[in-house]
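# Inside the fold
What follows is each chain in one-letter form.
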Amino acid sequence: MTAAKKRIEVDYLARVEGETSIAVELDGEPAIKLKIFEPPRFFEGFLQGRKYDEVGDIVSRICGICPVSHMTTAIQAVENAMEVKVSEQTRILRQVMCLSQISASHLVHLYMLAMPDYCGCAGILDMRNGFNKQIKRLVEIKDVMNRLTGLIGGRALHPVTHVPGGFTAVPPRGSFESVLKDLEAIRPRAGEVVEDVSRLALPQFHSNSEYVALACDGGMAVNGGRIVSTKGLDAAAGDYKQIFEESQVDYAFAKKSALRKGSSFMVGALARLNNNFDKLQDRTKKLAQRIGFTVPSDNPFHNNIAQSLEIVDNIERCIGMIGSNRFEEEDFYVEPRAGDGASVTEAPRGLLFHRYEINAKGVVEKADIVTPTSHNFQNIEKDLKKLVRENRNSGREHIRLLCEQLVRAYDPCFSCSVH
Amino acid sequence: MNKKTKKPKIGIFKYSCCAGCEFQLIFFQKYVMEVFEAVEITYCKMLQSSGKEQGPFDVALIEGAVTQQWQADQLKQVRSVSRRLIPIGSCAVCGGVPAIKNTRQECTVQEAVYGDTSVIHSVKAHPVDHYVKVDGYIRGCPMGLRDLNEMVTSLLLEKRPDFVEYCVCVECKLKGNICVLAAYGQPCMGPVTNAGCGALCPSHNRACYGCWGPMKDANARALADLFETLRLSRQDINRLFTGFAQPAVQWKSGQVQ
């Protein structure tokens, strides 16, 4: 008589962006499949034939939580293809917009998607009993971050002012000054986020992964830089296609990205901190020290802590950039021309790649998009396997919870990953 | 029994989209917690791990375009257990960005993305009302907070919601904007696009690109003709009328080839 195969199946994982299930086979060597069933929307297919100036507005709709990142990466790729130069002010405004969006995204992930697991709640609605202070912090900080993104973009979700060449409108100084006051006011709140996260009972786990992020001189890289890793990778962003390759799997609509040598890697807040910790603001470093967080960390659950530190860091950097610059309306003119251009940026969840081939009429002939969750896909499965192997003697419910917590710690976005 | 103690049950379903409307809803900006005190979210995968998709629901909110057969099947099931069903956001209301793919052969877009298309079973993108009867629309990309507020308040007051049903030009005039179409010759979709955004793009020096989808009595043909006089190519005009509402009948006459 043979025993029935032992398996754990999470049919439709809750509290993540998009749709996936997790299948775990417990017999023998654990087998793991992240079955991402988010339906394909074929952005790379229908972008063919669209105009260069629509691309940013269209790809923004890949994701409702990181629209600014898709938009910025695409617009930069289009500008690279058409050899458009932008002003220093445009670069700064893009950076402020991206940093505020990253913080808002991290807040949603930490409080609404990840934290309920550690509070024994099904969701944030249940957290109202007992965690009201935390919810208040989330609402307060996210409101300011969204207002900052919206101030520059016209709206925080799917901004409208951001087009190839620059911004169609720049808000008056007074609006920046008022948001600057709000940013100053939430600085202490952001420190409390770090403390909230540091108090979570994050599982102890070591993954021995390669951590990939962008790096540049002078500060934390956001919208450009070199691609580096904790295992010695150091390449120009333009060489992206020589470093990574993407392949289709038969059980998921998302493609899986790997380094050319075949190995998996992790991108996102933890990867950024593992590579660039010394570039953090002093206040962020002090907070990290206070909660006892050190790099390099190979515990993927620490991605939560890294995100909380980035919220603090991003607020400091936004204050710095808004405080030390005077923004004004700028004229710019973009002429379509044939070319092939790519851009790599740091989205909230990590490395994001867009590439476009554009013809002389400014029409897209080919589009290629690789998202952070495609980059992390193989590493999530690798970590799940190790986690299940190390905990195989625990109860099934415990294993299931651990698996869910691990996937959530990566802050995956399955809508992005399929696109 | 006090009627007010019974909170309306709300189910939220996501199909093919960016999930931005769900973020707009579950975050509801500053009012989020007040709203959640007044209603009961009984199904929403992104929000909570508990919850039953079987219903019944006082209101089912549907996000995203329908691009898979299973979505259409589930949608019909949800309709049968819901007192009201309302599509939220352009994808669910009029096809949105996912419906741009309808301008090409399904197999062409599939092959552009996947090497092995034997595992891909997508169908043309359709809005929710293509498959089931709906009880109003919350438009926008992402959906507008004014109409969302109106929906929630109407639900609590048991009144019929009064959604915005006029074009972007009205909001532009109310704001005192200079018309970017008449004054600068920019191809503005405002005259045929449903309002609610507060004339966002023209207020930021650019032409409306139609992200809220058609208003109901849009004269798409007249606007397409006007665009031709602005020396836009037929392809450019077609792109404007297929960017956010390819399947919508109101914009068909603007979709010249």
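An account of the accompanying structure is given in this report. Source: prediction; values computed, not measured. Residue positions within a chain follow its written sequence, with the count starting from 1. As a convention, the first chain written is A and the first ligand written is 1, with the rest following in written order. Totals for whole chains, interfaces and linings use every residue, but because this is a predicted model, local features are given only for residues with pLDDT of at least 70 and side-chain atom pairs only at 80 or more, for both listing and counting. Calculation of side-chain values draws on the structure's entire complement of heavy atoms; hydrogens and water are dropped beforehand.

Let us look at the overall build of chain B. Of regular secondary structure, chain B possesses 11 helices and 4 strands. Atoms considered for the radius of gyration are the C-alpha atoms alone. The globule rule reads 2.2 Å times the number of residues to the power 0.38. Expected size for 257 residues packed as a compact globule is a radius of gyration near 18 Å; at 19 Å, chain B falls within 12% of this value. With respect to the principal axes defined by its C-alpha atoms, chain B has extents near 65 × 55 × 25 Å. Per-residue burial for chain B yields a buried fraction of 59% across its 257 residues. Sequence-distant contacts, at least 24 apart, represent 68% of the contacts inside chain B between residues at least 6 apart. About 10,700 Å² of surface is accessible on chain B, with carbon and sulfur atoms providing 53% of the total. The way it works is that DSSP assigns letters per residue, a run of H or I at least four long becomes a helix, a run of E at least two long becomes a strand, and they are numbered from the N terminus. Three labels apply to residues, based on accessible area from a 1.4 Å probe with only protein chains included: buried if under 20% of the type maximum, exposed if over 50%, partly exposed otherwise in between. The contact criterion used is simple: two residues touch if any of their non-hydrogen atoms lie within 4.5 Å. To measure how exposed things are, a 1.4 Å probe is used in the Shrake-Rupley method; for residues, cover is taken only from the protein chains shown.

Bringing the sheet that holds strand β6 (residues 212-215) of chain A into the picture now. Residue and element names in this part refer to chain A. Paired strands are those between which DSSP finds at least two bridges. Taking strand neighbours across the sheet as the criterion, the 3 strands line up as β6-β7-β8 in an open arrangement whose pairing is antiparallel. Edge strands, defined here as strands with exactly one partner in the open sheet, are β6 and β8 (234-236). Each adjacent strand pair in this sheet contributes to an overall mean axis angle of 30°, direction not counted. Alignment of β6 against strand β7 (residues 226-229), held across 4 bridges, turns out to be antiparallel. Working convention: axes come from line fits to C-alpha atoms, limited for helices to the stretch in contact. Angles between N-to-C directions cover 0 to 180 degrees.

A few words on the nonpolar core. Here, nonpolar core means buried Ala, Val, Leu, Ile, Met, Phe, Trp, Tyr and Cys residues that are tied together by side-chain atoms lying within 4.5 Å of each other. Among the nonpolar cores identified, the biggest contains 163 residues, and Leu183(A) and Tyr356(A) are the most heavily contacted of them. Counting 27 residues, the second-largest nonpolar core is a separate cluster that includes Val192(B), Ala199(B), Ala224(B) and Phe241(B).

Turning next to the pairing of strand β4 (residues 82-88) of chain B. Residue and element names in this part refer to chain B. Most of β4 sits inside the fold, with 6 of its 7 residues counted as buried. Strand direction decides the pairing type here: strand β3 (residues 57-63) and β4, joined by 6 bridges, are parallel. Its bridge partner lying in β4, Phe57 is registered against Ser82. A clockwise path from the first strand over the helix to the second, with the strands pointing away from the viewer, defines a right-handed crossover. The handedness of the β3 to β4 crossover, carried by helix α3 (residues 69-80), is right-handed.

Many structure descriptions define interface size as the accessible area lost when the parts assemble. Each partner contributes to the interface: chain A provides 61 residues, whereas chain B provides 60 residues. Together, Phe42(A), Leu125(A) and Gln248(A) form the three largest contributors to the area buried by chain A at its contact with chain B, with a combined 13%. By salt bridge we mean one thing: a side-chain nitrogen of Lys or Arg within 4 Å of a carboxyl oxygen of Asp or Glu. Here chain A and chain B share 5 salt bridges between them. The closest approach of N and O atoms between Asp57(A) and Arg206(B), which form a salt bridge, is 2.8 Å. Under this definition, polar contacts are N or O atom pairs within 3.5 Å; protein pairs additionally need one hydrogen-donor-capable and one acceptor-capable atom, and for neighbouring residues in sequence, both atoms have to be side-chain atoms. On inspection of chain A and its partner chain B, the count reaches 25 residue pairs in polar contact (both at pLDDT 80 or more). Within the residue set of the side of chain A that touches chain B, elements represented by two or more residues are α1 (43-46), α2 (55-59), α4 (88-119), α5 (132-153) and α13 (414-418) of chain A. Examining the composition of the side of chain A that touches chain B, we find that 6 residues originate from one element, α5(A), more than from any other. Put simply, Ala, Val, Leu, Ile, Met, Phe, Trp, Tyr, Cys and Pro go in the nonpolar bin, Asp, Glu, Lys and Arg in the charged bin, and everything else, Gly too, in the polar bin. Each residue belonging to the side of chain A that touches chain B can be placed in one class, and the counts come to 30 nonpolar, 13 polar and 18 charged. Accessible area, probed at 1.4 Å, shrinks when two parts are joined; the buried area is that loss added up over both.

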